[in-house]
Amino acid sequence: MYLLRCIECGENFENELIYTCPKCGGLLEVVFDVSNADFRLDGNNVTLWKYRSLLPVRIEPVTLFEGGTPLYPVDVDVDARVFVKHEGLNPSGSFKDRGMTVGVTKALELGMKSVACASTGNTSASMAMYSARAGLRAYVLLPSGKVALGKLAQAMMHGARVIAIRGNFDVALKLVREISERKGLYLLNSVNPFRLEGQKTIAFEIVDQLGHAPDAVFVPVGNAGNISAIYKGFLELREAGYIDEIPKMIGVQAEGANPIYRAFVEGKDSIEPVENPETIATAIRIGAPVNARKALRAVYSSKGKVLQVSDEEIVSAQKMLAKQGIGVEPASASSLAGLLKEDSDFDTVVCIATGNLLKDPEEVMRVSGTPVEVDANISEIERLI
Ligand SMILES: N[C@@H](CCOP(=O)(O)O)C(=O)O
């Protein structure tokens, strides 16, 4: 019911072990016959595997009950109904779990014994968790000293072999692609078309929960797989007759890691990498996003845009969400930070929050300060209340 197609030359493939086109090197994507969709977007039982008829697996899935994340209404200073889709409430605390439930299941289906990824943190945490569940060996390459503590702790505890390289994420991704090829490891970064299929369910859930498509979806953009996947989800919903209009896809990058923003401003369809990306939002600290061309297509075709936000704007949006009970890591807050900068006339907007506050406790302590310490007696405490 599905095949792989090169996004550059359009060639079709049935070999599920490849993730780039043997002819032109382009990335592949899964193409479905959407007439097989057999779910109802009625707001009931919203979980990722509700949409199995449009997910490319043939065996029982490796699941930790991912998806079904809350869509919170939030009160911010814009003339629109604003919702936050809190992907930080997935099992490992980020949207990557949607991809890993599908990607790790596919690894088993293909008879693979080991999986691998490069990571700024969340991908490795999620892959470690799902591969532990599946009984697969997991190898992680990450930039030494640059990964938030919560994420590193998860990858270690779930038993991945974690290799910290002296280099940034972009270098780690290049290396892991090569080593996976050499050693027959199943690569689970967002170059893997099956993993991205899991992530498209964010679009399905938004429509399921809202009862209609929003006017715009704001998405933090690092390696750029998520914005491309969500856009594909909306395309499939339109093709299957569930929605009429595709929301505008609005990508948000950090100022210090903004190659896609720069390409957008210049009207280009590919990027010039940023050599030394830097931002407080470690999850999107990426200079050469591997899905950049796909992301730009999603933005242009949906008449959306790409914005950039400063670290100060990210922290301010993170605090704004925290005050409404929504705890997110810095990269996640970039979507709201982007919306707050945007002069738009949308009715309904969804901001994607990609990861949980607990992922990066060090950043949280830096921006929120430390507790007041006093002697253990009532009068001291009374003075403070
Ligand atoms: N922010 C990511 C970077 C890797 O992106 P991927 O989507 O290609 O796995 C991470 O969490 O590691």
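What counts, and at which threshold
Residues numbered from 1 in each chain as written. Predicted model: local features only at pLDDT ≥ 70, side-chain atom pairs only at ≥ 80, totals over all residues. Helix = DSSP H or I, 4+ residues; strand = E, 2+ residues; numbered from the N terminus. Buried ≥ 20, exposed ≤ 12 C-beta atoms within 10 Å, placed from the backbone. Contact = placed C-beta atoms within 7 Å. Near = placed C-beta within 6 Å. Nonpolar A, V, L, I, M, F, W, Y, C, P; charged D, E, K, R; others polar. Domains from an automatic or database assignment. pLDDT = per-residue confidence, 0-100. UniProt positions renumbered as here; feature names shortened; annotations may be inferred.

Asks: Would you take a moment to explain the environment of N189 for this structure?
Replies: Within the fold, N189 resides in the loop between strand 9 (186-187) and helix 5 (193-199). When the 24 C-beta atoms within 10 Å are taken as the criterion, N189 is described as buried. Separated by 108 residues in sequence, N189 and R297 have C-alpha atoms that sit 20 Å apart. Discounting chain neighbours no more than four positions away, the residues touching N189 are C117, A118, T123 and L173.

Asks: Please explain the site of the ligand as it appears in this structure.
Replies: Around the ligand, a shell composed of 13 residues is seen, among which S119, N122, T123, S190 and N223 lie nearest. Class assignment of the residues belonging to the shell around the ligand gives a composition of two nonpolar, ten polar and one charged. Both domains that meet at the shell around the ligand, namely domain 2 (71-94 + 194-367) and domain 3 (96-191), each give it at least three residues.

Asks: Sorry, what's going on with the confidence of the model for the protein chain here?
Replies: Predicted coordinates in regions of low pLDDT should not be interpreted in detail. When pLDDT is averaged along the protein chain, the result is 97; 100% of the residues meet or exceed 70. What the predictor reports for the complex is a pTM of 0.97 with an ipTM of 0.99.

Asks: Help me understand the environment of L28, please; the structure alone is not making it clear to me.
Replies: The topology assignment puts L28 in strand 3 (residues 28-32). The class for L28 is buried, based on 26 C-beta atoms found within 10 Å. Remark: the alpha-carbon pair of L28 and F13, spanning 15 residues in sequence, is separated by 8.9 Å.

Asks: Could you clarify how one ought to interpret the domain arrangement of the protein chain in this entry?
Replies: By a widely used convention, the size of an interface equals the accessible area lost when the partners come together. Domain annotation of the protein chain identifies domain 1 (2-32), domain 2 (71-94 + 194-367) and domain 3 (96-191). Each of domain 1 and domain 3 has a C-alpha centre, and these two points are 22 Å apart.

Asks: Explain the environment of N168 to me, please; I cannot follow it from the model alone.
Replies: Position of N168 among the secondary structure elements: in the loop between strand 8 (161-165) and helix 4 (169-183). A count of 22 C-beta atoms within 10 Å places N168 in the buried class. For the pair N168 and E255, spaced 87 residues apart in the sequence, the C-alpha separation amounts to 17 Å. Beyond its immediate sequence surroundings of up to four residues, N168 is in contact with P143 and P277.

Asks: Any chance you could explain the UniProt feature "binding site: pyridoxal 5'-phosphate" (unreviewed entry) in the protein chain here in plain terms?
Replies: According to UniProt, the positions carrying the feature "binding site: pyridoxal 5'-phosphate" (unreviewed entry) are N122, G222, N223, A224, G225, N226 and T354. Taken along the chain, the residues just named run across 233 residues; in space they keep tight, none of their C-alpha pairs more than 14.0 Å apart. Mapped onto the secondary structure, G222 falls in the loop between strand 10 (216-220) and helix 7 (225-239). When near neighbours in sequence (up to four residues on either side) are disregarded, G222 contacts T120, A283, I284, I286, P289 and A331. Turning to its location among the elements, A224 is positioned in the loop between strand 10 and helix 7. For A224, a count of 28 C-beta atoms within 10 Å translates into the label buried. Beyond its immediate stretch of four places on either side in the chain, A224 contacts I260, P289, N291, A292, K294 and A295.

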